[in-house]
Amino acid sequence: MRPEIAIDDEAIGWAVRSSEPDFDDWEGLAAWLSTDPARNAAYDRAMMGAAAAQDALVQGAVVVPLGARPSRPASGRRLLPAAGWIAGIAACAAGALLLLRPVAPVAPPPRIVDAPAGRARVVALADGTRITMAGSSRLLLDDGDTRRVTLSRGRAVFAVRHDATRRFGVTVGAHEVVDAGTVFEVAEIAGGASVAVAEGAVIVDPAGIAARLAAGEVLVLRDGDRPRRSAIPREAVGRWHAARMTYRAAPLPQVASDLAIAWGRTLSVDPVLRDRRFTGILVPAVLRDRPDELGALLDVRVRTDAAGWRLLPR
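What counts and what doesn't
Residues numbered from 1 in each chain as written. Predicted model: local features only at pLDDT ≥ 70, side-chain atom pairs only at ≥ 80, totals over all residues. Heavy atoms only, no water. Helix = DSSP H or I, 4+ residues; strand = E, 2+ residues; numbered from the N terminus. Contact = heavy atoms within 4.5 Å. Core = buried A, V, L, I, M, F, W, Y, C linked by side-chain atoms within 4.5 Å. Buried < 20%, exposed > 50% of the residue type's maximum accessible area, 1.4 Å probe, protein only. Phe/Tyr/Trp six-rings, centres within 6.5 Å; stacked < 30°, edge-to-face > 60°. Lys NZ or Arg CZ within 6 Å of the ring centre and 35° of its normal. Salt bridge = Lys/Arg side-chain N within 4 Å of Asp/Glu carboxyl O.

*Asks:* Give me the side chain of histidine 175: which residues, what numbers.
*Replies:* Tracing the backbone through its elements, the reader meets histidine 175 in strand E10 (residues 175-179). If sequence neighbours within four positions are ignored, histidine 175 has contacts with Val170, Ala193, Asp205 and Leu221.

Here it is, written out as structure tokens:
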């Protein structure tokens, strides 16, 4: 038996005996307490448990002395002999001690951070990392470990502060993205996730495929399909959160996708325009509610309705 358990058991015995009306061994109790500070704490816990037990047991009951002839109480409450009360104190005190013994701390739930629809949100972590969330995205943050986050919805760009001793990890769906200091974008997509790197390098699913992505690469992972790696302009990574979007011969669907993310609005492209390319600079904040100006810049016609905006040929 471990020493602390033996002390607790002895403390319960002293608590029960010293609670009896005819207890007179106070010198013995004082001597037992004086030999070890742990005994004082154990005795206090036992007495707290005894007090709680007494409150629980006397509720709805009348305690009568041993040997007395109980009479029926007018209220109809149950009679409890003093012997049962003392035994109950011992049992409840033991239970109280079990509850009071140290247990492993329970980790707090993750902190939920949401970005409002149609608006980006910047989150600065304690380690210097900055996360830019697209509208309607959600992050789960572990306040006990700022080097690990979960993207549960939407997309975000991570500008990670380098720490040679601790890598930074992002969980998205069933996938994990790990890096040691870089700028990259993680997005939740239908049936999987995508990861694009603007600076540095990351490792996707280090315990699985362990795919290393360098700057200018994007990896798309969909359930049931093989991972697809392709090149991407570095300036295109997370471009949806830039104040000025710069394009060089970019496909029109990509331009529409960036604007849709920045605005939180559906923006579709007519199939006839899917091969159209655009070179120029767009300022999303200026064009947010100006479909005619957007159409003039892209050389298209913009139709607006309750479903969103649609780019059509002129």
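Past the structure itself, the notes keep going.
*Asks:* Please provide a residue-by-residue account of the nonpolar core, values included.
*Replies:* With 31 residues, the main nonpolar core has Leu282, Leu298 and Leu311 as its most contacted residues. Per-element tally for this core: the top contributor is helix H5 (residues 252-263), with 8 residues. Contact partners of leucine 282, with chain neighbours within four places excluded, come to Ala243, Arg244, Met245, Tyr247, Val255, Leu259, Leu287, Leu297 and Leu298. Core analysis: the next-biggest nonpolar cluster, separate from the first, contains 28 residues, Ile131, Val172, Val177 and Val195 among them.

*Asks:* Requested: an account of the packing of aromatic side chains, with residues and values cited.
*Replies:* Here the distance between the centres and the angle between the planes together describe a pair of aromatic rings. Taken as a whole and judged by the stated rule, the model has 4 aromatic pairs. With 6.1 Å between their ring centres and 55° between their planes, phenylalanine 158 and phenylalanine 168 make a pair best called tilted. A residue pair is termed long-range when its members are at least 10 positions apart, and phenylalanine 158 in strand E8 (residues 155-159) and phenylalanine 168 in strand E9 (residues 168-172) qualify at 10 residues. Judged by relative accessible area, phenylalanine 158 falls into the buried class, the value being 0%. Ring plane angle 65° and centroid distance 5.2 Å describe the contact between tryptophan 263 and tryptophan 309, whose orientation is recorded as edge-to-face. Here the residue tryptophan 263 occupies a position in helix H5, and tryptophan 309 occupies one in strand E21 (residues 308-312), the gap between them amounting to 46 residues. By relative accessible area, tryptophan 263 is classed as buried at 4%. Linked through ring pairs, Phe158, Phe168 and Phe184 together constitute an aromatic cluster. The cationic tip of arginine 265 hangs over the ring face of tryptophan 309; the distance from NZ or CZ to the ring centre is 4.2 Å.

*Asks:* Tell me about the pattern of salt bridges, and please be specific about residues and values.
*Replies:* Within the structure shown, the criterion is met by 14 salt bridges. Arginine 138 serves as the salt-bridge partner of aspartate 114, at 2.6 Å between the closest nitrogen and oxygen. Remark: arginine 138 occurs in strand E6 (residues 138-141) and aspartate 114 occurs in strand E3 (residues 111-114); sequence separation between them is 24 residues. With a relative accessible area of 26%, arginine 138 lands in the partly exposed category.

*Asks:* Could you give an account of unusual backbone geometry, with specific residues and numbers?
*Replies:* Even without a glycine there, the phi angle at alanine 210 is positive, about 50°. By secondary structure assignment, the location of alanine 210 is in the loop between strand E13 (201-204) and strand E14 (211-214). Under the relative-accessibility criterion, alanine 210 is labelled partly exposed at 41%. Of note, alanine 249 is a non-glycine position whose phi angle comes to about 50°, a positive value. With respect to the secondary-structure elements, alanine 249 resides in strand E17 (residues 245-251). Taking relative accessible area as the criterion, alanine 249 reaches 41% and is therefore assigned partly exposed.

Function cannot be read off these values alone, since they describe shape.
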